[in-house]
Amino acid sequence: MRALRTDLALEAAEIFRQGQKSAARLEGILQSESLREGYAVTRTEIVDPAAAHAIGKPAGRYVTVDLRPYFRRQGHFFGRGVRCLAAELRALLPPEHGTVLAVGLGNRGMTADAVGPLVLENLLVTRHMETFPFSTAVAALAPGVLAATGMETAELIRGAVQQVRPAVILVIDALAARSAQRLCAAVQLSDTGLIPGSGVGNHRRAIDRETMGVPVLSMGLPTVMDAATMAVDLTGADEPPELPEPLFVTTRDVDQRVRELSRLMGYAVTLALQPELEPEDKLMFLEELGLEESGLDRMIKCSYELLGLISFLTCGSDECRAWTIRRGTKAPQAAGKIHSDFERGFIRAEIVAFDDLKACGSMAAAKEKGLVRSEGKDYVMHDGDVTLFRFNV
């Protein structure tokens, strides 16, 4: 029988239980749930070798943070998400730790695999600094992929360990999920290290305490789901079908989600390692360096300008999304970016500028002040338009 693929220990335990008879129990796995900063946290501890073998995960501690509230954009959602992840990561760190080596795994040129390198771009690296009194020295390494370097990731990390001599390694990578609702919507932390590519059947050498000689923590964002595993959900089959070749799926807005959540994760790692800071403090250090924004933010803005791109926003009760269009696009064609029915049955667009909406605090308040306007088919979209499309098909 083909196994359902997942990198998440929480899901592996769920799969095992679902496959057993109702009388069966899985001993050796302890689980608890709580709420931190408005985010649901599930802690899974595998304490028995038999349980570890049963679900196919190393013994140790795993923490899964549900990030779906992040996309509702309510009440300091970013800062709360940073503090939640930072607190959970800090709890996994050894009580006394010196230098930390953060390793961002993955292919920077492939969005669903770029989580590791993108997190490092949002991480405050401090090992080289002498003027700022940080509590933890942090070094970072993005080893790339075997096809580009000709070297195993584990070999490159071991070389860095010999030079940097860290007390702890934090490995960051993209993961595979069993459940579609966790795609780009959850983060797993663990103190067991990881095996790069295991969730997509591309096993590499393990990166853990045994291979590295120091404690290895891991942080991962599930960005893909095995298509055969998804077929089980869609068809109700007892086991995944045989496919001609491995196929993986992701969310349609993976670019936006990976970019946003990598930033969230980078800030959280910084806060976990430098507990004296707050998420807002990173801006202060940018100012000390003579910068108004991070290099990644500046690169994105310049890229949009060079390519002639802008973004408009749509907001619902549970999330807010940005949609990329070419500058000069009219309202019906912008609506078509969301769904072809929106363009085909376009009636009008209700629009308010982002800055006006932010100042008013709500759409209702913006309407009371007459800042929400109705635009027709000839309206040319502007960067930052918050839009509600009216259509009929």
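You'll find the structure just up there.
Residues numbered from 1 in each chain as written. Predicted model: local features only at pLDDT ≥ 70, side-chain atom pairs only at ≥ 80, totals over all residues. Heavy atoms only, no water.

A. Fine view of unusual backbone geometry. Unlike most non-glycine residues, Arg 165 shows phi in positive territory, near 50°. You can see Arg 165 is positioned in the loop between α6 (153-164) and β6 (168-177). Residue class for Arg 165 comes out exposed when judged on its relative accessible area of 67%. Phi at Cys 184 takes a positive value of approximately 50°, unusual for a residue other than glycine. (Helix = DSSP H or I, 4+ residues; strand = E, 2+ residues; numbered from the N terminus. Buried < 20%, exposed > 50% of the residue type's maximum accessible area, 1.4 Å probe, protein only.)

B. Expanded view of the pattern of salt bridges. Per the counting criterion, the structure on display carries 17 salt bridges. Measuring nitrogen to oxygen at the nearest pair gives 2.7 Å for the salt bridge that ties Asp 66 to Arg 68. With a shortest N-O distance of 3.9 Å, Lys 330 and Asp 378 are connected by a salt bridge. With a gap of 48 residues between them, Lys 330 in the loop between β11 (320-326) and α12 (331-338) and Asp 378 in the loop between β13 (373-375) and β14 (385-391) connect regions that are remote in the sequence. Here the residues in one salt-bridge network are Glu 11, Glu 14 and Arg 182, joined through shared partners. (Salt bridge = Lys/Arg side-chain N within 4 Å of Asp/Glu carboxyl O.)

C. Looking closely at the packing of helix α3 (residues 77-92) against helix α9 (residues 254-273). For the pair α3 and α9, interaxial distance at closest approach is 8 Å and the crossing angle is 50°. In terms of axis orientation, α3 runs oblique to α9. Here α3 runs over α9; the crossing is right-handed. Where α3 abuts α9, its residues Phe 78, Gly 81, Val 82, Arg 83, Leu 85, Ala 86, Leu 89 and Arg 90 lie against Arg 263, Leu 264, Met 265, Tyr 267, Ala 268, Val 269, Leu 271 and Ala 272. Each residue belonging to the contact of α3 with α9 can be placed in one class, and the counts come to 12 nonpolar, 1 polar and 3 charged. (Axes fitted to C-alpha atoms, helices over the stretch in contact; angles between N-to-C directions. Parallel < 35°, antiparallel > 145°, perpendicular 65-115°, else oblique. Left-handed = near helix turned anticlockwise from the far one by under 90°. Contact = heavy atoms within 4.5 Å. Nonpolar A, V, L, I, M, F, W, Y, C, P; charged D, E, K, R; others polar.)

D. Structural context of the pairing of strand β4 (residues 100-104). Buried residues dominate β4, accounting for 5 of its 5 residues. Of the two faces of β4, both are covered, the one formed by Val 100, Ala 102 and Gly 104 as well as the one formed by Leu 101 and Val 103. Bridge analysis of β4 against strand β5 (residues 138-141) gives 4 bridges, and the strand direction is parallel. Residue pairing for β5: Ala 102 is matched across the bridge by Ala 140. (Pairing = 2+ DSSP bridges.)

E. Summary view of the packing of aromatic side chains. With the rule as written, the count across this model stands at 6 aromatic pairs. Lying across the ring of Phe 78, Arg 263 places its NZ or CZ 4.4 Å from the centre. Above the ring of Tyr 267, the side-chain terminus of Arg 263 is found at 5.1 Å from the ring centroid. (Phe/Tyr/Trp six-rings, centres within 6.5 Å; stacked < 30°, edge-to-face > 60°. Lys NZ or Arg CZ within 6 Å of the ring centre and 35° of its normal.)

F. Region of interest: the environment of Val 372. In this fold, Val 372 is placed in the loop between α15 (363-368) and β13. Once the C-alpha coordinates of Val 372 and Thr 387 are considered, the two residues, 15 residues apart in sequence, prove to be 9.4 Å apart. Other than its neighbours up to four places away in sequence, Val 372 contacts Glu 350, Ile 351, Val 352, Met 363, Ala 366 and Lys 367.

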